Amino acid sequence: MIFNFGKEDFVFPMEEQGHHALYLCMTKEEKETMVALFEKYKAVGNKALADGTPAADAITGEGIVQLSTDLGATSDSDPLMLILSWKLGCKHAWEISRDEWVNGLTIYSAGTMEKIRKKIGEWRKALSDREPYSSFYDYVFDYLRGEQKCLAMQEAQLAWQILETGQRWKLWPRWLLFLQAEERKAVSRDTWRELLSFIYQYPSDISNYDASGSWPTILDEFVEWLVAHPK
């Protein structure tokens, strides 16, 4: 086992220095399969690039689409790729770098498609618990917004749908009507995160709503709107 207590992060793979620490849990054949999979889906993405666009050392575009399909995504609203990106620590939306792929899959000892599918199934199942779901939920906002401070409302609503917010919150249809009526254009990071806390605290109604709580203004306005627009 190798521990890094230096000032700089390790850069993997480090085979030129004789280190194989990340590969201890993989056979040589599985490691080769993992790298070959990366090259396969990277090539698919680069092949679809417009003429003159520099090739990326990452899985992008059509490569992501093909990978999602091959891993068993059932629809455009399937969170499969978001789950995988979350666990690999991907920094850019719909892109998996070589380091993210190799280092991430090695940590989980998942160098084949069969093992990746199995891991995704385990991660998906774990999202039924609050702690991992909250971590995933927070990640999705930062992943999708990129360099922007906020997430466009249309994209936020699609993300909430993929995250199955409606299955966790009985007020979800009312929230959508509120956003439409108020013509909200974007969602801030604070609103995104606090909404999940609001959902857990008020899963079905606002009868015990605490107006003195430090909720974002938009949530106070939502409560006022609910009172003013009873079913």
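Residues numbered from 1 in each chain as written. Predicted model: local features only at pLDDT ≥ 70, side-chain atom pairs only at ≥ 80, totals over all residues. Heavy atoms only, no water.

Enquirer: Please clarify how the packing of helix α2 (residues 61-71) against helix α3 (residues 80-88) should be interpreted in this entry.
Expert: Running from N to C, α2 and α3 point in directions that differ by 105°, and their axes come no closer than 10 Å. By the angle between their directions, the pair α2 and α3 is classed as roughly perpendicular. Along its contact with α2, which presents Ile64, Leu67, Ser68 and Leu71, the element α3 presents Leu80, Met81 and Leu84. A per-class count over the contact of α2 with α3 returns six nonpolar, one polar and no charged. (Axes fitted to C-alpha atoms, helices over the stretch in contact; angles between N-to-C directions. Helix = DSSP H or I, 4+ residues; strand = E, 2+ residues; numbered from the N terminus. Parallel < 35°, antiparallel > 145°, perpendicular 65-115°, else oblique. Contact = heavy atoms within 4.5 Å. Nonpolar A, V, L, I, M, F, W, Y, C, P; charged D, E, K, R; others polar.)

Enquirer: When you look at the pattern of salt bridges in this model, what are you seeing that I'm missing?
Expert: Two side chains carrying opposite charge are able to pair once their charged atoms lie near each other. Under the definition given, this model contains 12 salt bridges. One salt bridge in this structure joins Arg98 and Glu39, with 2.7 Å as the shortest N-O distance. Linking Arg98 in helix α4 (residues 98-107) with Glu39 in helix α1 (residues 28-47), this pair joins segments that are 59 residues apart in sequence. For Glu39, a relative accessible area of 32% translates into the label partly exposed. Across the salt bridge formed by Lys42 and Asp57, the nearest N and O atoms sit 3.0 Å from each other. (Salt bridge = Lys/Arg side-chain N within 4 Å of Asp/Glu carboxyl O. Buried < 20%, exposed > 50% of the residue type's maximum accessible area, 1.4 Å probe, protein only.)

Enquirer: What am I meant to see in the packing of aromatic side chains here?
Expert: Think of a pair of aromatic rings as described by two things: how far the centres are apart, and how the planes are tilted against each other in angle. Taken as a whole and assessed by the stated rule, the structure comprises 24 aromatic pairs. Measuring from centroid to centroid gives 5.6 Å for Trp94 and Tyr143, while their planes differ by 85°, and the two rings are edge-to-face. With Trp94 in the loop between α3 and β2 (95-97) and Tyr143 in helix α6 (residues 130-145), this pair connects stretches of sequence that are 49 residues apart. Judged by relative accessible area, which is 40%, Trp94 ranks as partly exposed. Residue class for Tyr143 comes out buried when judged on its relative accessible area of 2%. (Phe/Tyr/Trp six-rings, centres within 6.5 Å; stacked < 30°, edge-to-face > 60°.)

Enquirer: In this structure, what is going on with the environment of Trp94? I would like to understand it.
Expert: Each C-alpha atom, one on Trp94 and one on Gly63, is 9.5 Å from the other, the two residues being 31 residues apart in sequence. Leaving out residues up to four positions away in the same chain, Trp94 has contacts with Ile59, Thr60, Gly61, Ile64, Met81, Leu82, Tyr143 and Leu144.

Enquirer: Help me understand the nonpolar core in this model?
Expert: In globular proteins that are soluble, nonpolar side chains generally tend to be buried together. Judged by nonpolar contacts, the single largest core of 64 residues is most densely connected at Trp101, Trp160, Trp175 and Trp192. Top element by residues in this core is α6. It accounts for eight residues. (Core = buried A, V, L, I, M, F, W, Y, C linked by side-chain atoms within 4.5 Å.)

Enquirer: Quick question: what am I supposed to make of the packing of α6 against helix α10 (residues 189-201) here?
Expert: The packing of two helices is summarised by the inter-axis angle and the distance between the axes. In the contact formed by α6 and α10, the axes pass within 10 Å of each other and the chain directions differ by 160°. The orientation of α6 with respect to α10, classified from their angle, is roughly antiparallel. By crossing handedness, the relation of α6 to α10 is classed as right-handed. Residues Arg130, Tyr133, Ser134, Tyr137, Asp138, Val140, Phe141, Asp142 and Arg145 of α6 lie in contact with α10, whose contacting residues are Arg189, Trp192, Arg193, Leu195, Leu196 and Tyr200. Residues of the contact of α6 with α10, tallied by class, amount to eight nonpolar, one polar and six charged. (Left-handed = near helix turned anticlockwise from the far one by under 90°.)

Enquirer: What exactly am I supposed to notice about α4 here?
Expert: In an α-helix, one turn spans 3.6 residues; hence positions three or four apart end up facing the same way. Summarising burial for α4: seven of the 10 residues are buried, a large majority. Along α4, the residues classified as buried are Glu100, Trp101, Val102, Asn103, Gly104, Leu105 and Thr106. Lining the buried residues of α4 we find α1, β1 (58-60), α2, α3, β2 and α5 (113-126). The positive-phi residue at the C-terminal boundary of α4 is Ser109, with phi of around 50°.

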